[in-house]
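What follows is each chain in one-letter form.
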Amino acid sequence: MTAKTFELSPGYAISRVIRGGWQLAGGHGAIDRSQAVSDLIVTFDAGIWTYDCADIYTGVEELIGAARLRLANERGLAAAAKMKVHTKLVPDLERLATISRDYIRGIVDQSLRRLKTERLDLVQFHWWDYAQPRYVEAMGWLNELRREGKLRNLGTTNFDTPRLAEILSAGIPLVSQQLQYSVLDQRPANSLAALAEENGVSFLCYGSVAGGFLSDKWLDVAEPGTPLENRSLVKYKLIIDDFGGWDLFQQLLRALKAVGDRHAVDIATIASAWVLEQPRVAAVIVGARNQAHALANAKIMDVVLDADDRARIAAVIARGNGLEGDVYTLERDRHGRHGSIMHYNLNAGRI
């Protein structure tokens, strides 16, 4: 590992900042397809050459596939090969009871077509409901596809500690888990980090800037009312509430601002750099709506926090409640505050 790269599996290196794809999907405003492809290539040139997407992110695999094809046409196959693309496989909630090998294969083949590649770099598997116990079997089918050469690496998304242990015990060769991790939410450290350490699993972290709340934009701003602009802000406002409320959140922003001023970067950059320092973290996944955001995100990999920086941030975190429980447990309660805003059947009609 270097400050800017991480070897996720033998011979497979990624950039420590990953360009997220969620903001290119529906619900975040209109997307200019040509401009989006150009922005993805600007991200590549800035040193962020790993990308995250999902079968359920409408149109995003196709956009990244178009960027990869453009790189190949304009700069050659070597440039296109440097682009690493991680996708997710998210079976619909209503399909879990009847999930089949053919269903899993169909989604993988769809991602291969969309991404214009013969082998997926990393497939990250998500499962909505543990009451449907076939996630280990489904992971086994994915592992078959790995052995066939259709995908290189296997990972998971948002599994808790007992279920991740179950998957690992079944002999599934996981290299990573994608999960939420931030100065507001340190649930991965509660128990999952120890299991990951024992089994060589690395964390790929989303939510490091809490949907944009951890930014200069929200410093010294009154608590927003409802409705919020998009579902992402709704989700992370709940995290802020659980962390300790708006006043404590403002104290955290002021601490991050003070650290950022020392390093001549903004609040969001410091928040993400803090996550990169946590145990088992390989990379942070950050969104970008334009080229300026992409260039700013590259600076995350240049920040080296010192003891005073860490102490200033830790002092505010210590005053918070801390989010209790395991990874994604709050979000799995479909009747609770966090789970009730989730969308569970996003592949319906697409395959």
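Residues numbered from 1 in each chain as written. Predicted model: local features only at pLDDT ≥ 70, side-chain atom pairs only at ≥ 80, totals over all residues. Heavy atoms only, no water.

Brief notes about the packing of helix α8 (residues 231–243) against helix α9 (residues 246–263)
Working step 1: In the contact formed by α8 and α9, the axes pass within 7 Å of each other and the chain directions differ by 95°. Considering their axes alone, α8 and α9 lie roughly perpendicular with respect to each other. Residues Lys 237, Ile 240 and Phe 243 of α8 form the contact with α9, whose own contacting residues are Trp 246, Leu 248, Phe 249 and Leu 252.
Working step 2: When its residues are assigned to classes, the contact of α8 with α9 shows six nonpolar, no polar and one charged. (Axes fitted to C-alpha atoms, helices over the stretch in contact; angles between N-to-C directions. Helix = DSSP H or I, 4+ residues; strand = E, 2+ residues; numbered from the N terminus. Parallel < 35°, antiparallel > 145°, perpendicular 65-115°, else oblique. Contact = heavy atoms within 4.5 Å. Nonpolar A, V, L, I, M, F, W, Y, C, P; charged D, E, K, R; others polar.)

Comments concerning the pairing of strand β5 (residues 84–89)
Working step 1: Where burial is concerned, most of β5 is hidden: six out of the six residues are buried.
Working step 2: Direction of pairing for strand β4 (residues 50–52) relative to β5: parallel, over a ladder of three bridges. Across the sheet, residue Thr 50 finds its bridge partner in β5, namely Lys 84.
Working step 3: Looking at chain direction, β5 and strand β6 (residues 120–125) are connected through four bridges and run parallel. Note on β6: the bridge partner recorded for Leu 89 is Phe 125.
Working step 4: Regarding the hand of the β-α-β motif, the stretch spanning β5, helix α4 (residues 101–115) and β6 is right-handed. (Buried < 20%, exposed > 50% of the residue type's maximum accessible area, 1.4 Å probe, protein only. Pairing = 2+ DSSP bridges. Right-handed = clockwise from strand over helix to strand, strands pointing away.)

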